[in-house]
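Single-letter residue listing:
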Amino acid sequence: MEIIIASRAGACYGVQRALNLAQKAAQSGGDVQTLGSLIHNPQVVAELAASGVEAVSKPEELTASRAIIRSHGVTPQVREGIEQAGADIIDATCPHVLRAQQAARDLALEGRLVIVVGEESHPEVEGLRAWAEQAGGQVVVAATPDDVPSQIDGSVGIVVQTTQRREKLDAIIDVLKSRGIEAEIRDTICSATSTRQEAAAELASQVDVMVVIGGHNSSNTTRLFEICRARSPQAFHIESPDELQAIDFKGAQRVGVTAGASTPEDQIESVIERLRSFAESQEE
Ligand code: F3S
């Protein structure tokens with residue numbers, strides 16, 4: 001049984017950076033909390049809790065002297081709340097998200113209606129909206145072209161949730177163009193999501209079994225799984241190596257592996273190790 005890992009898989013730059021910062025903070029004496037779960041990965045959250053880094057849901061709940069802002073970033077109000085709680089900020093906002101926040105603010109300062117392309121309830125989008133509003137901007141969140149207001153007066157700027165697909169942005173640009181509106185576009189899409197999806201799709205169609213690793217509560221891992229399932233009925237979403245027991249590898253010559261952007265390297269390694277031991281036992 002051959003085990004093939006997708007050419008792009010696992011923790012993206014921003015998630016890995018957040019993890020490194022949290023682990024470093026835990027090692028340097030603890031007394032640190034995260035604002036919200038650091039990533040959508042129950043094992044990582046449990047490991048951090050075991051090393052003393054607990055998650056709180058709002059600044060008023062902070063009791064530690066240091067607070068970690070996760071990779072999605074926060075609103076200016078939450079940032080102020082942390083400062084008022086007297087905690088020092090460890091800022092793990094992904095640099096790509098910071099760039100999007102800056103773009104949202106700039107477009108608002110230029111007096112434009114700011115259209116945020118993204119999912120209304122996503123924490124990153126809540127942040128983008130809040131940064132633009134703080135700069136005096138009018139903001140509309142658009143998940144689809146139907147969300148673009150029918151009446152627009154004045155100039156428009158577009159900023160995009162970093163994990164959105166380019167087709168969504170294009171659809172919104174097209175609807176504006178059809179109404180004669182040329183928007184100022186800040187393309188803040190990060191390629192980490194699409195490159196993982198493309199690599200997973202390619203591999204899923206070449207293997208007998210496809211294993212997708214990541215939190216069951218992780219939307220990017222679930223999306224990866226859906227993409228693989230569409231290409232192979234033998235695609236499985238697992239969180240830990242123990243879940244491999246339920247998969248029938250009989251007759252499988254090639255097994256593909258991918259992992260969501262919130263899955264750290266050691267979790268991928270532990271699944272691959274277990275797969276190797278399956279492969280060895282098949283050969284005996
Ligand atoms: Fe950052 Fe892109 Fe990951 S925005 S958190 S590197 S998906």
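Residues numbered from 1 in each chain as written. Predicted model: local features only at pLDDT ≥ 70, side-chain atom pairs only at ≥ 80, totals over all residues. Heavy atoms only, no water.

Feature annotation in UniProt assigns "binding site: [4Fe-4S] cluster" (unreviewed entry) to the following positions: Cys12, Cys94 and Cys190. A stretch of 179 residues holds the annotated residues, and the largest C-alpha distance among them is 10.4 Å, short enough that they meet in one place. Residue position: Cys94 is located in the loop between strand S5 (88–91) and helix H4 (95–109). Look at Cys94 and you get buried, because its relative accessible area is 9%. When neighbours within four sequence positions are excluded, Cys94 is seen to be in contact with Gly14, Arg17 and Ser71. Tracing the backbone through its elements, the reader meets Cys190 in the loop between strand S9 (184–186) and helix H7 (191–204). (UniProt positions renumbered as here; feature names shortened; annotations may be inferred. Helix = DSSP H or I, 4+ residues; strand = E, 2+ residues; numbered from the N terminus. Buried < 20%, exposed > 50% of the residue type's maximum accessible area, 1.4 Å probe, protein only. Contact = heavy atoms within 4.5 Å.)

Before going further, it helps to examine the packing of aromatic side chains. Within the structure shown, the criterion is met by 1 aromatic pair. In this arrangement the basic side chain of Arg229 is found over the ring face of Phe236, its NZ or CZ atom lying 5.9 Å from the centre. (Phe/Tyr/Trp six-rings, centres within 6.5 Å; stacked < 30°, edge-to-face > 60°. Lys NZ or Arg CZ within 6 Å of the ring centre and 35° of its normal.)

This part is about the pattern of salt bridges. A full pass over the atoms with the stated rule returns 13 salt bridges. Put simply, Arg129 and Glu120 hold a salt bridge, and the shortest N to O gap is 2.9 Å. The class of Arg129 is partly exposed, set by a relative accessible area of 24%. When the shortest N-O distance is used, the salt bridge between Arg186 and Glu184 registers 3.3 Å. For Glu184, a relative accessible area of 29% corresponds to the partly exposed category. (Salt bridge = Lys/Arg side-chain N within 4 Å of Asp/Glu carboxyl O.)

A separate point is the sheet that holds strand S8 (residues 156–160). The strand order across the open sheet formed by 4 strands is S7-S6-S8-S9, and the pairing between neighbours is parallel. Each end of this open sheet is capped by a strand with a single partner; those strands are strand S7 (138–142) and S9. For this sheet the average axis-to-axis angle between neighbouring strands, irrespective of direction, equals 20°. The sheet contact formed by S8 and S9 spans 3 bridges and is parallel. Looking across to S9, one finds that Gly157 is bridged to Glu184. Contacts between helix H5 (residues 123–134) and the sheet are confined to strand S6 (113–117), S7 and S8, with S7 contributing the most and set at about 160° to the helix. (Pairing = 2+ DSSP bridges. Axes fitted to C-alpha atoms, helices over the stretch in contact; angles between N-to-C directions.)

Residue position: Arg186 is located in strand S9. Owing to a relative accessible area of 21%, Arg186 belongs among the partly exposed residues under this scheme. Taking the C-alpha atoms as reference, Arg186 lies 25 Å from Arg223; in sequence the two are 37 residues apart. Residues in contact with Arg186, not counting those within four places in the same chain, are Ala103, Asp106, Leu107, Glu110, Ile158, Val159 and Val160. Of the polar contacts made by the side chain of Arg186, one reaches the side chain of Glu184; its length is 3.3 Å. (Polar contact = N/O pair within 3.5 Å; in protein donor to acceptor, adjacent residues only side chain to side chain.)

The sites that UniProt annotates as "binding site: dimethylallyl diphosphate" (unreviewed entry) are His40, His72, His122, Ser218, Ser219, Asn220 and Ser262. Position of Ser218 among the secondary structure elements: in the loop between strand S10 (209–213) and helix H8 (219–231). Relative accessible area serves as the criterion here: at 0%, Ser218 is assigned to the buried category. Once residues lying within four places of it in the same chain are set aside, the contact partners of Ser218 are His40 and Ser262. Structurally, the position occupied by Ser219 is in helix H8.

Along S6, 5 of the 5 residues are buried, which leaves the element largely enclosed by surrounding structure. Taking every second residue as pointing to the same face, both faces of S6 are buried, with Leu113, Ile115 and Val117 on one and Val114 and Val116 on the other. Note that S6 and S7 share 5 bridges and pair parallel. Directly across from Leu113, in S7, lies its bridge partner Gln138. Handedness of the crossover is the feature at issue here: the chain leaves S6, passes through H5, returns alongside S7, and the resulting connection is right-handed. With 5 bridges connecting them, S6 and S8 associate as parallel partners. Paired with Val116 across the bridge in S8 is Val159. (Right-handed = clockwise from strand over helix to strand, strands pointing away.)

Looking now at the environment of Leu62. By the element assignment, Leu62 lies in the loop between strand S3 (54–56) and strand S4 (66–69). For Leu62, a relative accessible area of 10% gives the class buried. When the C-alpha atoms of Leu62 and Val15 are compared, they prove to be 22 Å apart, with 47 residues separating the residues in sequence. Those residues in contact with Leu62 that sit more than four places away from it in its chain are Gln33, Leu35, Val56, Ala67, Ile82, Ala85 and Ala87.

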